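What follows is the residue order along each chain.
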Amino acid sequence: EAVAAEWMLEFACSCLCWHFAEQSGAEFLRWRDVAQALINGLSQIPPHQKKTVYLCQFLIRIAQGKSLGIKFEKDERISPLESALSFWTLLEREEMKLEKLHEDIHRLIQIQIVAVHMENRYFKEAAEALERLFTDSESDKPLRVKLATIIKTKDPYVPLLQSFSYSLLISKIKSYIELFMKENETNFLIQEATKQVVSKGLGATAWQNRPVEVNENDKSDLETKQRFVLSIMLLRDVLGQMQNCCLDVDSSLFWMYINCLLGLNNMQNVGKNGVSLACSRRRQRWTPQEDLELKSGVREFGVGNWAKILVHGNFDNRTSVMLKDRWRTLSR
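In this text, all values refer to a predicted model and were calculated from it rather than measured experimentally. (Residues numbered from 1 in each chain as written. Predicted model: local features only at pLDDT ≥ 70, side-chain atom pairs only at ≥ 80, totals over all residues. Heavy atoms only, no water.)

**Student:** An account of the nonpolar core is needed here, citing residue identities and associated values.
**Tutor:** By size, the foremost hydrophobic cluster in this structure holds 64 residues, and its most contacted members are Phe-58, Leu-59 and Ile-62. Residue assignment for this core shows that the elements contributing at least two residues are helix H1 (2–21), helix H2 (25–40), helix H3 (50–62), helix H4 (80–94), helix H5 (99–119), helix H6 (123–133), helix H7 (141–153) and helix H9 (166–183). Excluding anything up to four places from it in sequence, Leu-59 contacts Leu-16, Cys-17, Phe-20, Phe-28, Ile-173 and Ile-177. Ranked by size, the runner-up nonpolar core spans nine residues in total, among them Trp-306, Ile-309, Leu-310 and Leu-323. (Core = buried A, V, L, I, M, F, W, Y, C linked by side-chain atoms within 4.5 Å. Buried < 20%, exposed > 50% of the residue type's maximum accessible area, 1.4 Å probe, protein only. Helix = DSSP H or I, 4+ residues; strand = E, 2+ residues; numbered from the N terminus. Contact = heavy atoms within 4.5 Å.)

This is the structure:
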């Protein structure tokens, strides 16, 4: 279980980096939920995965950097960017060779913490954030003084803030991501998945060619789920070929991981204050075809194996909880 979770977290981090760099909003949000679920499942962070966890948490916060209404910390005063800075500081401690890039990104985050507050006319909060951001060291003093002066002017469009813009921050982070991805080309799950696709040939298209009726608006979501399922099918094959593997591919634990990767676990998709982290789902009637799929899945896998039934069945934007509730209705 620990080994599989480690592979999945590395894979999720790679996907987060890729979709952040490509600005694929919906894909980034889906992998954010997957990465967060895997991180939440860690009892403690293994030393060799600290960098992976810190980067995931950093990107998740940077993506919400301009949304002051979203909170990641218990302290309501801490903005997403200020929370991101704490994880960037942890990343800096994990690697020394990118000192100049680290300093540039660190400085840009500090400036943007103030800038975002000012753009929203929160000048008092900007001043309070400034007090938290800087120590009394001489090296920090010039920037601290400049930002304090800018806050007093209450003008969010001064040259300094425009020169160190949010877009420049994102550009620098993308440069860091590119270096990170080059260093982590040895990601085990990606390597093994590639081998499996090459060796099996049609294995990668078997699921994709399955006849499914979908609306135009659902095609993108379906294709995403197909890629997730393919990734897990490949992981299952890898685990099946390994000797002394502790993860039974027919166990409920294995299918729980599938459910997690599909991003369909409602509990994992609800953030603080009850805000949904995944795309909201409209309430929709069950079709006769879906009822047949559910009955067929129960016959094949048994009552209670909702995650497995969900993956193998042809359902329209359903979750395992929805399947359980529908079966209870049908059973009456």
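Back to the text.
**Student:** Let's hear about the environment of His-117: which residues, and what values?
**Tutor:** Mapped onto the elements of the fold, His-117 is located in helix H5. Relative accessible area serves as the criterion here: at 5%, His-117 is assigned to the buried category. Between the C-alpha atom of His-117 and that of Ser-79, which follows or precedes it by 38 residues, the distance is 8.9 Å. In contact with His-117, other than residues within four places in its own chain, are Leu-68, Ser-79, Tyr-122, Glu-125, Ala-126 and Ala-129.

**Student:** Residue-level account of helix H16 (residues 320–331), with values.
**Tutor:** The end-to-end C-alpha distance of H16, which contains twelve residues, comes to 16 Å, matching closely the 16 Å that a straight helix rising 1.5 Å per residue would cover. Residues Ser-320, Leu-323 and Arg-326 constitute the buried set of H16. Taken end-on, H16 shows its buried residues confined to a sector of 120°, consistent with a single buried face. (Expected span 1.5 Å × (residues − 1). Arc of directions from axis to C-beta.)

**Student:** So, the packing of aromatic side chains: which residues are in play, and what are the values?
**Tutor:** If you walk through the whole model with that rule in mind, you get seven aromatic pairs. Ring centres of Phe-58 and Trp-88 lie 5.0 Å apart, and the angle between their planes is 35°; on these two criteria the pair is classed as tilted. Within this pair, whereas Phe-58 is found in helix H3, its partner Trp-88 is found in helix H4, the two being separated by 30 residues in sequence. The class for Phe-58 is buried, based on a relative accessible area of 0%. Ring centres of Trp-286 and Phe-315 lie 6.2 Å apart, and the angle between their planes is 70°; this geometry places the pair in the edge-to-face category. On the criterion of sequence distance, the pair formed by Trp-286 in the loop between helix H13 (252–261) and helix H14 (288–301) and Phe-315 in the loop between helix H15 (306–312) and H16 is long-range, its members being 29 residues apart. The exposure class of Phe-315 is buried, given its relative accessible area of 12%. Through successive ring pairs, a cluster of aromatic residues spans Phe-58, Trp-88 and Tyr-176. Looking at Arg-318, its charged tip hangs above the ring of Trp-286, at a distance of 4.2 Å from the centre. (Phe/Tyr/Trp six-rings, centres within 6.5 Å; stacked < 30°, edge-to-face > 60°. Lys NZ or Arg CZ within 6 Å of the ring centre and 35° of its normal.)

**Student:** Explain H2 residue by residue, including any values.
**Tutor:** Over its 16 residues, H2 extends 22 Å from the first C-alpha to the last, a length consistent with the 22 Å expected when each residue adds 1.5 Å. Within the span of H2, buried status applies to Glu-27, Phe-28, Arg-30, Trp-31, Arg-32, Asp-33, Val-34, Ala-35, Ala-37, Leu-38 and Ile-39.

**Student:** Outline unusual backbone geometry, supporting the account with residue identities and numerical values.
**Tutor:** Here Gln-23, not a glycine, exhibits a phi torsion of approximately 55°, which is positive. Of note, Gln-23 is situated in the loop between H1 and H2.

**Student:** Describe the side chain of Lys-51, naming the residues involved and giving the relevant values.
**Tutor:** Take Lys-51: it is sitting in helix H3. There is a polar contact of 2.5 Å between the side chain of Lys-51 and the side chain of Glu-95. Excluding residues within four positions of it along the chain, Lys-51 makes contact with Leu-91, Glu-95, Tyr-176, Phe-180 and Glu-183. (Polar contact = N/O pair within 3.5 Å; in protein donor to acceptor, adjacent residues only side chain to side chain.)

**Student:** For the packing of H3 against H4, give the residues involved together with the corresponding values.
**Tutor:** For any two helices packed against each other, one specifies the crossing angle of their axes together with the interaxial distance. Packing of H3 against H4 brings their axes to within 8 Å, and their N-to-C directions diverge by 155°. With respect to each other, H3 and H4 are oriented roughly antiparallel. Crossing geometry of H3 relative to H4 is assigned as left-handed. Between H3, through Lys-50, Lys-51, Tyr-54, Leu-55, Gln-57, Phe-58, Arg-61 and Ile-62, and H4, the contact on the second element is made entirely by Pro-80, Leu-81, Ser-83, Ala-84, Phe-87, Trp-88, Leu-90, Leu-91 and Glu-94. Residues belonging to the contact of H3 with H4 are distributed by class as follows: eleven nonpolar, two polar and four charged. (Axes fitted to C-alpha atoms, helices over the stretch in contact; angles between N-to-C directions. Parallel < 35°, antiparallel > 145°, perpendicular 65-115°, else oblique. Left-handed = near helix turned anticlockwise from the far one by under 90°. Nonpolar A, V, L, I, M, F, W, Y, C, P; charged D, E, K, R; others polar.)

**Student:** Residues and numbers for the pattern of salt bridges, please.
**Tutor:** Across all of its chains, the model carries 13 salt bridges by this definition. Glu-82 is the partner of Arg-132 in a salt bridge, and the nearest nitrogen-oxygen pair spans 2.8 Å. Of this pair, Arg-132 sits in helix H6 while Glu-82 sits in helix H4; the two residues are 50 residues apart in sequence, bridging distant segments of the chain. Residue classification places Arg-132 among the partly exposed positions, given a relative accessible area of 28%. A residue is classified by how much of its surface remains accessible, and Glu-82, at 10% relative accessible area, is buried. (Salt bridge = Lys/Arg side-chain N within 4 Å of Asp/Glu carboxyl O.)

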